[in-house]
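Structural features, examined
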Amino acid sequence: MFFKRIKTCILNGDGYITIDMYINVLLAVVSIGLINLTLMLLAWGSKQRLNHLVLWIMATCLIGMIVFLMLVADNGIVLLNSALFIGLMVLVAGLFVFSLRRCYRFIPHW
């Protein structure tokens with residue numbers, strides 16, 4: 001019964017969860033995960049210990065993403081149509097690729 005109600009809310013838009021909000025949340029989860037992975041890989045590849053700084057940046061990003069989602073939900077913004085969000089995702093994806101390439105030299109090759 002519960003899953004049927006959620007399904008009708010998502011498909012019909014008559015409840016609290018719409019398709020646009022569902023996609024926004026999924027995009028936000030992917031972006032915060034990509035940001036955290038990038039930060040972890042950059043800290044792993046650095047020559048000095050950055051544990052506390054990276055944890056504070058991750059916590060700040062999480063709080064910022066929650067506030068960002070509240071603003072997006074209040075104003076009815078669709079993140080797939082937002083040029084700013086897409087640009088930031090391209091930037092984060094580029095940083096992620098850079099951090100992967102940087103950390104690749106630390107992985108032992110057999």
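For the structure, check the block above.
Presented here is an overview of the structure given in this document.

Reading guide: rules and limits
Residues numbered from 1 in each chain as written. Predicted model: local features only at pLDDT ≥ 70, side-chain atom pairs only at ≥ 80, totals over all residues. Heavy atoms only, no water. Helix = DSSP H or I, 4+ residues; strand = E, 2+ residues; numbered from the N terminus. Expected span 1.5 Å × (residues − 1). Contact = heavy atoms within 4.5 Å. Phe/Tyr/Trp six-rings, centres within 6.5 Å; stacked < 30°, edge-to-face > 60°. Buried < 20%, exposed > 50% of the residue type's maximum accessible area, 1.4 Å probe, protein only.

Owing to its 3.6 residues per turn, the α-helix aligns residues three or four sequence positions apart on the same side. An ideal rise of 1.5 Å per residue puts 32 Å on 22 residues; helix α4 (residues 83-104) measures up with 31 Å between its terminal C-alpha atoms. On its buried face, α4 sits against α2 (19-44) and α3 (51-75).

Overall, the coordinates contain one aromatic pair when judged by the stated rule. Between F68 and F85 the ring centres are 6.2 Å apart and the planes differ by 10 degrees, which places this aromatic pair in the stacked class. Residue F68 is located in helix α3, and its partner F85 is located in helix α4; the two are separated by 17 residues in the primary sequence. Taking relative accessible area as the criterion, F68 reaches 31% and is therefore assigned partly exposed.

End to end, α2 covers 37 Å across 26 residues, agreeing with the expected 38 Å (1.5 Å per residue, within 8%). For α2, every residue scored as buried is listed here: N24, A28, S31, I32, L34, I35, T38, L39, L41 and A43. Packing partners of the buried residues in α2 comprise α3 and α4.

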